[in-house]
Amino acid sequence: MKNEQQLLEDAQHQCDTIDIEQFTKDGKIPSEGKWYRVRIGTEYYIFLKQFVSGHEILEKAGITYVNCYWLYQKQKDCDFEKIDLQERVNLAKPGIEHFIIKSTEIFHYFVDNEPETTDLKAMTPNQILEAAGITPVKDYYLVRINADGSQQSFADTPNVPIIMVCPAVKFVSIFRGETPVS
């Protein structure tokens with residue numbers, strides 16, 4: 001339970017909290033060194049400092065795998081501007097309306113422990129093998145190693161698309177061709 005002093009301090013901070021979206025709509029310039037109420041998507045969050053990174057904004061919005069999302073800042077009368085994870089954002093900068101979060105458009109995955117990247121939202125097992133340089137694809141099939149350690153074989157479904165997800169998925173190629181005998 002909060003004591004009277006804590007309640008007074010909370011009330012003071014509410015008075016010191018700047019709603020940056022409302023300030024922008026009203027044409028006001030936010031003061032420095034305050035608390036900042038920021039809209040991220042459809043929700044509002046309070047930041048206790050003026051400078052925050054893209055990473056901190058995503059975390060505040062409850063994003064666990066920050067590398068799986070892109071953050072954009074909407075400026076008044078402008079398009080959206082992409083904010084990198086390590087980029088510092090000045091919440092007292094005039095003109096900030098809000099932020100939005102988009103799912104990544106680039107997917108990272110591993111085939112036989114080698115990193116691969118695609119901008120395709122779905123790929124067939126044969127496309128994944130070919131992109132990893134494992135040819136001829138008819139001599140191989142793909143197995144996905146799930147986060148819990150279980151495995152899913154695509155031996156019988158080489159042309160059925162697999163939805164690419166983030167964080168990175170691990171695949172293993174399995175040789176099914178004939179082994180030459182001498």
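Placed above this text is the structure.
Below you will find a few notes about this structure. Owing to the predicted nature of the structure, the values given are computational and were not obtained by experimental measurement. (Residues numbered from 1 in each chain as written. Predicted model: local features only at pLDDT ≥ 70, side-chain atom pairs only at ≥ 80, totals over all residues. Heavy atoms only, no water.)

1. Focus: the pattern of salt bridges
And then number 1: According to the stated counting rule, one finds six salt bridges in the structure shown.
And then number 2: For the salt bridge of Lys34 with Asp16, the shortest nitrogen-to-oxygen distance reads 3.9 Å. Pair noted here: Lys34 is in the loop between helix 2 (20–25) and strand 2 (35–40) and Asp16 is in the loop between helix 1 (4–15) and strand 1 (17–19), with a separation of 18 residues, a long-range link.
And then number 3: With relative accessibility at 27%, the residue Lys34 sits in the partly exposed group. (Salt bridge = Lys/Arg side-chain N within 4 Å of Asp/Glu carboxyl O. Helix = DSSP H or I, 4+ residues; strand = E, 2+ residues; numbered from the N terminus. Buried < 20%, exposed > 50% of the residue type's maximum accessible area, 1.4 Å probe, protein only.)

2. Digging into the pairing of strand 12 (residues 140–145)
A regular strand places its side chains on the two faces of the sheet in alternate fashion.
And then number 1: Direction of pairing for strand 12 relative to strand 15 (residues 169–175): antiparallel, over a ladder of six bridges. Following the sheet pairing, Arg144 is matched in strand 15 by Phe171.
And then number 2: In this structure, the hairpin formed by strand 12 and strand 13 (residues 151–153) is closed by a connection of five residues, where Gly149 is found at a positive phi of approximately 90°. (Pairing = 2+ DSSP bridges.)

3. Describing the environment of Val89
And then number 1: Looking at the secondary structure, you find Val89 in strand 7 (residues 88–90).
And then number 2: Note on Val89: relative accessible area 3%, which makes it buried.
And then number 3: Each C-alpha atom of the pair Val89 and Asp156 lies 49 Å from the other, and the pair is 67 residues apart in sequence.
And then number 4: Non-local contacts of Val89, meaning those with residues more than four positions away in its chain, are made with Gln50, Phe51, Val52, Ile57, Gln73, Ile83, Ile96 and Phe99. (Contact = heavy atoms within 4.5 Å.)

4. What to know about the sheet that holds strand 9 (residues 107–111)
And then number 1: Strand order in the open sheet formed by five strands is 10-9-15-12-13, with mixed pairing between adjacent strands. Either end of the sheet is taken by a strand with one partner, and the two such strands are strand 10 (114–118) and strand 13. When strand polarity is set aside, the average angle formed by the axes of neighbouring strands in this sheet is 30°.
And then number 2: The pairing of strand 12 with strand 13 spans three bridges and is antiparallel. (Axes fitted to C-alpha atoms, helices over the stretch in contact; angles between N-to-C directions.)

5. Digging into the nonpolar core
And then number 1: Counting 19 residues, the largest nonpolar core has Val38, Phe47, Ile57, Val89, Leu91 and Phe99 as the members making the most contacts within it.
And then number 2: Looking at this core, the elements that each hand over two or more residues are strand 2, strand 3 (43–47), helix 3 (54–60) and strand 8 (96–103).
And then number 3: Considering every element that reaches this core, the biggest residue donor is strand 2, with three residues.
And then number 4: Those residues within four positions of Leu91 in sequence are excluded, and the remaining contacts are Ile20, Pro30, Tyr36, Val38, Phe47, Lys49, Gln50, Val52, Ile96 and Phe99.
And then number 5: In this structure, Phe107, Met123, Leu142 and Phe154 belong to the second largest nonpolar core, which totals 15 residues. (Core = buried A, V, L, I, M, F, W, Y, C linked by side-chain atoms within 4.5 Å.)

6. Comments concerning the environment of Tyr109
And then number 1: Note on placement: Tyr109 falls in strand 9.
And then number 2: Classification of Tyr109 as buried rests on a relative accessible area of 0%.
And then number 3: As for Tyr109 and Val165, which are separated by 56 residues in sequence, their C-alpha atoms are 8.7 Å apart.
And then number 4: In this view, Tyr109 contacts Glu114, Pro115, Glu116, Thr117, Thr118, Met123, Ile128, Ala131, Met164, Ala168, Val169 and Phe171; residues no more than four positions away in its chain are not counted.

7. With respect to the environment of Gln127
And then number 1: Residue placement: Gln127 occurs in helix 4 (residues 125–131).
And then number 2: Between the C-alpha atom of Gln127 and that of Asn159, which follows or precedes it by 32 residues, the distance is 8.2 Å.

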